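An overview of the molecular structure
The lines below spell out each chain.
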Number of protein chains: 2
Amino acid sequence: MATAVLPQPVQNLINELARLPGIGPKSAARLTFFLLRDGSNQALELADALRDLKERTRFCSVCFNITENDPCQICDDDERDQELLCVVEEPLDMLALERSRAYNGRYHILHGAISPVEGIGPEDLKVDELIHRVQNGSFRELILATNPTLEGESTALYLKRILAGNDIRITGLARGLSVGGDLEYTDEITLGRALDGRSDL
Amino acid sequence: MATAVLPQPVQNLINELARLPGIGPKSAARLTFFLLRDGSNQALELADALRDLKERTRFCSVCFNITENDPCQICDDDERDQELLCVVEEPLDMLALERSRAYNGRYHILHGAISPVEGIGPEDLKVDELIHRVQNGSFRELILATNPTLEGESTALYLKRILAGNDIRITGLARGLSVGGDLEYTDEITLGRALDGRSDL
């Protein structure tokens, strides 16, 4: 007697989806059967989007932002401050800063943070490219805007150490209360940093 | 000053992924950037798997299982009991029954369960096809193996009502304790059903 197994294309897709971070075998199976049952062309549209992602985007050769054109629109924009460089971990961090409309300089995307636990060292990030850019550029200030996490803070400290001596001001983002947040529910470390950084009203 | 936005292919993929059930905009963005950074060809392999899913699989015209060949290997297997029909909600339910190696008959896949809340009625499922199969076949027993949920039980009751009078035995799977489970943590409804269905040792 033949025992039923999943057809190869179904099993393949489950395996492929299960390789994605945060998607286990059960979610992968659920997604696959959703796409199988789906009457529209969602699976094919997703396939096209995936293909486009690889074929139509690249890293900006200056800042390592993700872009369709090299250099990217920010590096190519003469109206931005040429002497201000903000270092972030991910392209999404850059977008968050852009949304704030409070920054008008250049960016450098590290594509991660130093994390000995995950085996990520400076050589896995765009650190050499940053050093080269700082040494060959005319930046007056470097804003280290890594995440306020253990990995982000370590990365900022590391960068500060190797970039010191380049005659450039090195700054970090202020820590403090979230606007619209609640003092009662603010963690003690953030509250401590907010007190340290208090200013005259 | 130009404000940075995500390149169109990146935003497209985030949108496509966010349309999948259980994946929100944040997970979609995380997955997209994972695939962008990924050095291997995972995005392209996933695209191929999605394309194959649509192009190389179909529903079996007899039981509505997912298959590469029509009829599927189970409907095509003469060694299986021709007079026994097991009705399940999903292809994965059928695979679970196959793994038990305790069933040797045919299947019928409904592709869902009746759910007024989600607006799913019998006309959205393979119910007409089941009625046709039962009336034109020579089945001696119909096992309604829908899920032990409100929707599954309602679907079984509905099927029992419209298929009664076809001179066919209609059965359901036993409810009771999970093998290897713990009596202390078994919910009271299951425990009640296990008591009702007790048998001599």
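The structure presented is a predicted model; accordingly, all values stated were derived computationally and were not measured.

**A few points about the overall build of chain A**
A tally of helices and strands in chain A yields seven helices and six strands. Starting at the N terminus, the α and β elements of chain A follow one another as α-α-α-β-β-β-α-β-α-β-α-β-α. Within chain A, the proportion of its 201 residues that are buried is 43%. Look at the contacts in chain A between residues 6 or more apart in sequence, and 47% of them connect residues 24 or more apart. Accessible surface, chain A as shown: approximately 11300 Å² in total, 49% of it carbon and sulfur.

**Re helix α5 (residues 127–136) of chain B**
Residue and element names in this part refer to chain B. All buried positions along α5 are accounted for by Val-127, Leu-130, Ile-131, Arg-133 and Val-134. Taken down its axis, α5 places every buried residue within 165 degrees of arc, on the same side. Among the exposed residues of α5, those pointing more than 90 degrees away from its buried face are Asp-128, His-132, Gln-135 and Asn-136. Where the residues of α5 are buried, they touch β3 (84–88), β4 (106–109), β5 (141–144) and α6 (150–163).

**Some words on the packing of α5(B) against α6(B)**
Residues and elements named next belong to chain B. Remark: α5 packs on α6, axes separated minimally by 11 Å, with the N-to-C direction vectors making an angle of 40 degrees. On the basis of their axis angle, the class for α5 and α6 is oblique. When you trace α5 past α6, the crossing you get is right-handed. Only Tyr-158, Leu-159, Ile-162 and Leu-163 of α6 make contact with α5, whose side of the interface consists of Val-127, Leu-130, Ile-131 and Val-134. Along the lines of polarity and charge, the residues of the contact of α5 with α6 split into eight nonpolar, no polar and no charged.

**Examining the nonpolar core**
If you look at the biggest cluster of nonpolar residues, it comprises 74 residues, and the most contacted ones within it are A:Leu50 and B:Leu50. Those residues within four positions of A:Leu50 in sequence are excluded, and the remaining contacts are B:Leu13, B:Leu35, B:Ala43, B:Leu46, B:Ala47 and B:Leu50.

**Looking at unusual backbone geometry**
Here A:Asp70 and A:Pro71 are connected by a cis peptide whose omega angle stands at -5 degrees. Note that A:Pro71 resides in the loop between β2 (66–67) and β3 (84–88). Positive phi, normally seen in glycine, also occurs at A:Asp167, with a value near 55 degrees. Among the secondary structure elements, A:Asp167 is positioned in the loop between α6 (150–163) and β6 (169–172). A relative accessible area of 75% places A:Asp167 in the exposed class. One non-glycine residue, B:His111, lies in the positive phi region at around 65 degrees. Note on placement: B:His111 falls in the loop between β4 and α5.

**Examining the pattern of salt bridges**
Applying the stated criterion across every chain, the model contains 22 salt bridges over all chains. With its nearest N and O atoms 3.1 Å apart, the salt bridge here joins A:Arg140 to A:Asp81. In this pair, A:Arg140 is assigned in the loop between α5 (127–136) and β5 (141–144) and A:Asp81 in the loop between β2 and β3, connecting sequence segments 59 residues apart. Note on A:Asp81: relative accessible area 23%, which makes it partly exposed. The closest approach of N and O atoms between B:Arg175 and B:Glu153, which form a salt bridge, is 3.3 Å.

**Looking at the confidence of the model for chain A**
Model confidence for chain A is summarised by a mean pLDDT of 89, while 98% of its residues fall at 70 or above. At the level of chain-chain contacts, confidence expressed as ipTM amounts to 0.71, with global pTM at 0.70.

**Remarks on the relation of the copies chain B and chain A**
With an RMSD of 0.1 Å, the fit of chain B onto chain A corresponds to turning through 180 degrees and sliding 0.0 Å along the axis. Such a combination of rotation and displacement between the chain copies is what one expects of a two-fold axis. Residue B:Ala47, judged by its C-alpha, is the member of chain B lying nearest the rotation axis, at 2.0 Å. Of all interface residues in chain B, 100% are interface residues in chain A too; the two copies therefore contact each other through one and the same surface.

**Here we look at the sheet that holds β3(A)**
All names here are of chain A. One open sheet holds the four strands; their spatial order is β4-β3-β5-β6, and the pairing between them is parallel. Because the sheet does not close on itself, it has two edges, and the strands there are β4 (106–109) and β6. Across the sheet, the mean angle from the axis of one strand to that of its neighbour is 25 degrees, orientation sign disregarded. Here β3 runs beside β5; their pairing, made up of four bridges, is parallel. When the sheet's bridge partners are listed, Leu-85 is paired in β5 with Leu-142. Packing of α5 onto the sheet brings it into contact with β3, β4 and β5, and relative to β4 it is tilted by some 150 degrees. Along the sheet, α6 contacts β3, β5 and β6; its crossing angle with β5, the most-contacted strand, is approximately 160 degrees.

**Quick notes on the sheet that holds β3(B)**
All names here are of chain B. Here four strands make up an open sheet; going across it, the order is β4-β3-β5-β6 and the pairing parallel. The open sheet has two edge strands with one neighbour each: β4 and β6 (169–172). Shown here is a sheet whose adjacent strand axes are inclined to one another by a mean of 25 degrees, direction ignored. Of the pairings in the sheet, the one linking β3 to β4 comprises four bridges and is parallel in character.

**So, the environment of A:Leu20**
Following the sequence through the fold, A:Leu20 ends up in the loop between α1 (8–18) and α2 (25–37). Among all residues touching A:Leu20, those that are not within four sequence positions of it are B:Leu31, B:Phe34, B:Leu35, B:Gln42 and B:Leu46.

Criteria and cut-off values
- Residues numbered from 1 in each chain as written.
- Chains lettered and ligands numbered in written order.
- Predicted model: local features only at pLDDT ≥ 70, side-chain atom pairs only at ≥ 80, totals over all residues.
- Heavy atoms only, no water.
- Helix = DSSP H or I, 4+ residues; strand = E, 2+ residues; numbered from the N terminus.
- Buried < 20%, exposed > 50% of the residue type's maximum accessible area, 1.4 Å probe, protein only.
- Contact = heavy atoms within 4.5 Å.
- Areas by Shrake-Rupley, 256 points an atom, 1.4 Å probe, with all protein chains shown as cover.
- Arc of directions from axis to C-beta.
- Axes fitted to C-alpha atoms, helices over the stretch in contact; angles between N-to-C directions.
- Parallel < 35°, antiparallel > 145°, perpendicular 65-115°, else oblique.
- Left-handed = near helix turned anticlockwise from the far one by under 90°.
- Nonpolar A, V, L, I, M, F, W, Y, C, P; charged D, E, K, R; others polar.
- Core = buried A, V, L, I, M, F, W, Y, C linked by side-chain atoms within 4.5 Å.
- Salt bridge = Lys/Arg side-chain N within 4 Å of Asp/Glu carboxyl O.
- pLDDT = per-residue confidence, 0-100.
- Least-squares fit on C-alpha atoms with pLDDT ≥ 70 in both.
- Pairing = 2+ DSSP bridges.

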